[in-house]
Amino acid sequence: MNMKILPLLIGLVTLLVLSSCNLDNLIPTADINMSLVDGSEQTTSQVEIQRVFKDLKVGDVTTPCALYTGYVVSKLRVKAYAKPGSLGVDLSSFSIDYYFANGDSIPTARSESFRGTIAMAVPSGVVCSDKPSEEEPNGCTVNSGTAKFDYGKTVMGEAFIPIDDDIVTRLEADTRNQGSYASILFDGTDSNGNYYSKLVSPVTIVVMNVCQ
């Protein structure tokens, strides 16, 4: 056999073998299910901007709900768990971009994504069937022979405000605010130290007036 052809044949055989295997078992990756919840810890796909008004009294005349006093933005929390066999993830930050219903971007004051921090550890989708050993003092890993794949523990992040002040101001002044939405990207590192990011489903921004 021509020795120049042999490496090509070996590479072809290797490719065929890998393509017939579940690569997730060979190269563990992070596969995290993430959703957003509201203050009642119910899954939500929207965030509210409440424009607060109260009665305006001038002398003996009272005009109901005529005095604007400010706004309140509802907070969101992240709910997450690892799928079976997934690496764990440490989420550290998020970035948010805003859009009108037609897809036009709503620029922030700095013309860049609104960023914030979040400290949230999502455990791996691995269940250890034995106690920690000298070889693995922290317990089994995805690659351990004693590990069993299962859904990881569900965890909840701290509440955060998903809309910056300048975006609220723009939405208040724009008639296109109905149907606007936010796109939220969470990022961090997996348990192997690799960069990880997850884009959750768009969140509808609801602007509503409230009289107190």
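Note: the structure precedes this text.
This one's a predicted model, so the numbers in the text were calculated from it and none came from an experiment.

I'd like a rundown of the packing of aromatic side chains, residues and numbers included.
The description of two aromatic rings rests on the distance between their centres and on the angle between their planes. The full count for this structure, using the stated rule, is 7 aromatic pairs. Seen from their ring centres, Y81 and Y151 are 5.9 Å apart, and the 75° between their planes marks the pair as edge-to-face. Of the two residues, Y81 sits in strand β4 (residues 77-82) while Y151 sits in the loop between β8 (147-149) and β9 (155-156), which places them 70 residues apart along the sequence. Of the residues examined, Y151 reaches a relative accessible area of 53% and is grouped as exposed. Taking 6.1 Å as the distance between ring centres and 80° as the angle between the ring planes, the aromatic pair formed by F160 and F186 counts as edge-to-face. With a gap of 26 residues between them, F160 in the loop between β9 and α3 (165-173) and F186 in strand β10 (residues 181-190) connect regions that are remote in the sequence. Judged by relative accessible area, which is 7%, F160 ranks as buried.

If you had to explain the sheet that holds β9 to someone new, which residues and values would you point to?
As summarised here, the arrangement of the 3 strands in space is β1-β4-β9, forming an open sheet in which the pairing is antiparallel. Every other strand in the sheet has two partners, leaving β1 (32-37) and β9 as the edge strands with one partner each. Of the pairings in the sheet, the one linking β4 to β9 comprises 2 bridges and is antiparallel in character. In the sheet register, A80 faces β9, and the bridge partner there is V155.

So what's going on with the side chain of R51? Which residues, and what values?
You can see R51 is positioned in strand β2 (residues 46-58). Side-chain polar atoms of R51 contact the side chain of N209, separated by 3.0 Å. If we skip the residues at most four places from it in the chain, R51 touches Y68, G70, Y71, E172, V207, M208, N209 and V210.

Describe the pattern of salt bridges, and please don't skip the residues or the numbers.
Within the structure shown, the criterion is met by 4 salt bridges. E41 is the salt-bridge partner of R77, the closest N and O atoms lying 3.1 Å from each other. Of the two residues, R77 is situated in strand β4 and E41 in the loop between β1 and β2; the sequence distance between them amounts to 36 residues.

Would you mind going over the nonpolar core in detail, with residue names and values included?
In terms of nonpolar packing, the biggest core is built from 36 residues, with L36, Y98, I163, I184 and F186 touching the most fellow members. Those elements giving two or more residues to this core turn out to be β1, β2, β4, β5 (89-99), β6 (114-122), α3, β10 and β12 (203-211). Beyond its immediate chain neighbours, meaning those up to four positions away, Y98 contacts D104, S105, I106, T108, F114, P162, I163, D164, I167, Y181, A182 and I205.

Which residues make up the state of the cysteines, and what values go with them?
Taken as a whole, this structure holds 1 disulfide when the rule is applied. Disulfide pairing places C65 opposite C211 at an S-S distance of 1.8 Å. Handedness of the C65-C211 disulfide follows from its S-S torsion of about -95°: it is left-handed. In this pair, C65 sits in strand β3 (residues 61-73) while C211 sits in strand β12, placing the two residues 146 residues apart along the sequence.

Tell me about α3, residues and numbers included.
For α3, every residue scored as buried is listed here: D166, I167, V168 and L171. Where α3 is buried, its residues touch β2, β3, β5 and β12.

Please give an account of the side chain of S180 that cites residues and values.
Topologically, S180 is positioned in the loop between α3 and β10. On the basis of relative accessible area, S180 is assigned to the buried category, the value being 0%. Within the local environment of S180, its side chain forms a polar contact with the backbone oxygen of N177, the two atoms lying 2.8 Å apart.

Calculation criteria
In this numbering scheme, every chain counts its residues from 1 along its sequence in written order. The predicted nature of this model means local features are confined to residues of pLDDT at least 70 and side-chain atom pairs, given and counted, to a pLDDT of 80 or more, with totals for whole chains, interfaces and linings taken over all residues. Think of the side-chain values as coming from all heavy atoms in the structure, minus any hydrogens and water. Between 30 and 60 degrees the pair is tilted, below 30 it is stacked and above 60 it is edge-to-face, where a pair is any two Phe, Tyr or Trp rings, Trp via its six-membered ring, whose centres lie within 6.5 Å. Helical segments are the DSSP runs of H or I of at least four residues, strand segments are the runs of E of at least two, and each set is numbered from the N terminus. Relative accessibility decides the category of a residue: with a 1.4 Å probe and only protein chains considered, values under 20% of the type maximum give buried, values over 50% give exposed, and everything between is partly exposed. Only strands that DSSP links by at least two bridges are regarded as paired with each other. We call two N or O atoms a polar contact when they sit within 3.5 Å, provided that within protein one can donate a hydrogen and the other can accept it, with sequence-adjacent residues counted only if both atoms are side-chain atoms. Note on definitions: a residue-residue contact is assigned when non-hydrogen atoms from the two residues lie within 4.5 Å. Should a side-chain nitrogen of Lys or Arg be within 4 Å of a carboxyl oxygen of Asp or Glu, the pair is scored as a salt bridge. Nonpolar cores were defined as sets of buried Ala, Val, Leu, Ile, Met, Phe, Trp, Tyr and Cys residues, with membership established by side-chain atoms within 4.5 Å. A pair of cysteine sulfur atoms is labelled a disulfide when the two atoms are within 2.5 Å.

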